[in-house]
Amino acid sequence: MRHGIVGAAVAMCVTAVLPAFAGGDAQRGQLAYTQCQICHQIDRNVIGPRHRGLFGRKAGSLPDYNYSTALKNSGIVWDAQTLDQWLQGPAKMVPGTKMVFAGVADPQERADLIAYLQAATKLPP
Ligand code: HEC
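Residues numbered from 1 in each chain as written. Predicted model: local features only at pLDDT ≥ 70, side-chain atom pairs only at ≥ 80, totals over all residues. Heavy atoms only, no water.

Caption draft 1: Structural context of the packing of aromatic side chains. Inspection of every chain in the model, using the stated rule, returns three aromatic pairs. Seen in terms of ring centroids, Tyr33 and Tyr116 are 5.2 Å apart; in terms of plane orientation they differ by 50°. Their pairing is tilted. Within this pair, whereas Tyr33 is found in the loop between helix H2 (26-32) and helix H3 (69-72), its partner Tyr116 is found in helix H6 (residues 107-120), the two being separated by 83 residues in sequence. Neither Tyr33 nor Tyr116 differs from the other in exposure class; each is buried. Between Tyr65 and Tyr67, the aromatic rings sit 4.7 Å apart at their centres with planes inclined by 70°, giving edge-to-face as the arrangement. Each of the two residues, Tyr65 as well as Tyr67, counts as buried. (Phe/Tyr/Trp six-rings, centres within 6.5 Å; stacked < 30°, edge-to-face > 60°. Helix = DSSP H or I, 4+ residues; strand = E, 2+ residues; numbered from the N terminus. Buried < 20%, exposed > 50% of the residue type's maximum accessible area, 1.4 Å probe, protein only.)

Rendered as structure tokens:
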């Protein structure tokens, strides 16, 4: 019976997390993205790497940006799931990253950011 209870608890956590991505609002996300623009632009490397083409990209893989060794060696591929974890605290996910950012505590705000990034960083066809 113990397994059943643990399984149910895990299932509840998963369903609590997944719809948050689906419920992301790109317009609210665009506003939330202003806090990223201190360091990031969609199409240009500034303090941080450009975000164009982010989804499906290997972390730390732009040839013309000087990443930390930690991020280059992280083996992460960016998607909604990995970005959600990254945005909770980059240094928690990748110790040694040079993205100095405390994180976004609110799951809805992270979902909004991810929805915005999904739309805004698409590569031209
Ligand atoms: C204080 C500056 C700063 C802020 C604010 C910041 N970033 Fe970053 N970001 C960086 C730096 C620097 C890196 C490169 C990290 C490394 O090489 O370890 C980075 C890397 C990233 C990466 C990895 C990109 C890649 O090519 O692998 C993502 C994704 C990212 N940031 C998203 C965000 C988002 C979304 C926000 C806003 C919620 C944000 N960042 C806020 C500085 C910042």
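After presenting the structure, the write-up continues.
Caption draft 2: View of the side chain of His40. Among the structural elements, His40 can be located in the loop between H2 and H3. There is a polar contact of 2.9 Å between the side chain of His40 and the backbone oxygen of Pro49. The residues touching His40, leaving out its near neighbours within four places in the chain, are Tyr33, Val46, Gly48, Pro49, His51 and Met99. (Polar contact = N/O pair within 3.5 Å; in protein donor to acceptor, adjacent residues only side chain to side chain. Contact = heavy atoms within 4.5 Å.)

Caption draft 3: Structural detail: the site of the ligand. Taken together, 27 residues sit near the ligand, with Cys36, Cys39, His40, Ser68 and Met99 positioned nearest. Gly60 places a polar main-chain atom, nitrogen or oxygen, 2.9 Å from an oxygen atom of the ligand. Comparing atom positions with the cavity grids shows the ligand to sit within the largest pocket. Of all the elements in the fold, those that place two or more residues in the shell around the ligand are helix H4 (80-87) and H6. If you tally residues by element for the shell around the ligand, the top one is H4, at three residues. Of the residues assigned to the shell around the ligand, the class counts are 18 nonpolar, seven polar and two charged. (Near = heavy atom within 4 Å. 1 Å grid on protein atoms, 1.4 Å probe; cavity = no way out; pocket = protein on both sides within 12 Å on 5 of 7 lines; lining within 4 Å. Sits in = over half its atoms within 2 Å of the grid points. Nonpolar A, V, L, I, M, F, W, Y, C, P; charged D, E, K, R; others polar.)

Caption draft 4: Up close: the coordination of the iron atom of the ligand. For the iron atom of the ligand, the protein coordination sphere consists of His40 (NE2) and Met99 (SD), at 2.0 to 2.2 Å. Taken together, the six donor atoms coordinating the iron atom of the ligand and their angles of 86 to 179° define a geometry best described as octahedral. Taken together, the residues span a long stretch of sequence, with His40 in the loop between H2 and H3 and Met99 in the loop between helix H5 (90-93) and H6 at a distance of 59 residues. Given a relative accessible area of 22%, Met99 falls into the partly exposed group. (Donors = N, O, S within 2.8 Å, 3.2 Å for Na, K, Ca; no water. Tetrahedral: all angles 85-135°; square planar, octahedral: opposite > 155°, others 65-115°.)

The values are spatial; any link to function lies outside them.
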